[in-house]
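Structural overview for review
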Amino acid sequence: MEIPKKLYVPRVEDKESNMRMLHITSSADLVSNSMNILEPTLLDNNGNQRENVLQADEPVDLLLLPGLAFDLSGRRLGRGGGCIDILYTNIGRTDPCFST
């Protein structure tokens, strides 16, 4: 029996670099933002708010974070907005662990 997986993708919420990871079911759930980066719409096709990973009803097995590049130690180079650092603070983590 295959266990269905849930996919959460990042959405930048505001100019203060707050980010949420929202549940999507297909690439049709994504729209281009002001920087031409695909991110999920706030509502699904039925008009319901998308599930935020912080309110997920099941444990999250894998979290993939965007980055321009990663060094051999797993440190991430982003776009300088601090979104990922703020997200990690919001979920109570300060030490992201990456596999390279």
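Please read these numbers as outputs of a predicted model, since none were measured by experiment.

Here we come to the overall build of the protein. Each helix and strand in the protein was counted, giving one helix and six strands. In sequence order, the protein lays out its α and β elements as β-β-β-β-β-β-α. Contacts in the protein between residues far apart in sequence, at least 24 positions, make up 43% of those at least 6 positions apart. Carbon and sulfur atoms provide 52% of the accessible area of the protein, an area that totals close to 7600 Å².

What follows is about the nonpolar core. In terms of nonpolar packing, the biggest core is built from seven residues, these being Y8, M19, M21, V53, C83, I84 and L87. Those elements that place two or more of their residues in this core are β2 (19–24) and α1 (83–90). Considering every element that reaches this core, the biggest residue donor is α1, with three residues. Those residues in contact with Y8 that sit more than four places away from it in its chain are M21, L22, H23, E51, N52, V53 and A56.

Once that is clear, we can look at the pattern of salt bridges. Under the counting rule described, the total for this entry stands at three salt bridges. Between E39 and R11 there is a salt bridge, with its nearest N and O atoms 3.8 Å apart. Taken as a pair, E39 in strand β4 (residues 38–40) and R11 in strand β1 (residues 7–12) lie far apart in primary sequence, 28 residues in all. R11 shares its class with E39; the two are buried.

R11 sits in the buried class, given a relative accessible area of 17%. At 2.7 Å, the side chain of R11 and the backbone oxygen of P40 are in polar contact.

With that settled, consider the pairing of β2. For β2, the tally of buried residues reaches five of six residues, placing the bulk of the element in the interior. As paired elements, β1 and β2 share six bridges and run antiparallel to each other. Paired with R11 across the strands is R20, a residue of β2.

Moving on: the confidence of the model for the protein. When pLDDT is averaged along the protein, the result is 76, and 70% of the positions lie at 70 or above. Of all the helices and strands in the protein, α1 carries the lowest mean pLDDT, 68, while strand β3 (residues 30–32) carries the highest, 94.

Here the focus is the environment of S32. Within the secondary structure, S32 sits in strand β3. Given a relative accessible area of 44%, S32 falls into the partly exposed group. Reaching out from S32, the side chain makes a polar contact with the side chain of N36 at a distance of 3.4 Å.

What counts as what
- Residues numbered from 1 in each chain as written.
- Predicted model: local features only at pLDDT ≥ 70, side-chain atom pairs only at ≥ 80, totals over all residues.
- Heavy atoms only, no water.
- Helix = DSSP H or I, 4+ residues; strand = E, 2+ residues; numbered from the N terminus.
- Contact = heavy atoms within 4.5 Å.
- Areas by Shrake-Rupley, 256 points an atom, 1.4 Å probe, with all protein chains shown as cover.
- Core = buried A, V, L, I, M, F, W, Y, C linked by side-chain atoms within 4.5 Å.
- Buried < 20%, exposed > 50% of the residue type's maximum accessible area, 1.4 Å probe, protein only.
- Salt bridge = Lys/Arg side-chain N within 4 Å of Asp/Glu carboxyl O.
- Polar contact = N/O pair within 3.5 Å; in protein donor to acceptor, adjacent residues only side chain to side chain.
- Pairing = 2+ DSSP bridges.
- pLDDT = per-residue confidence, 0-100.

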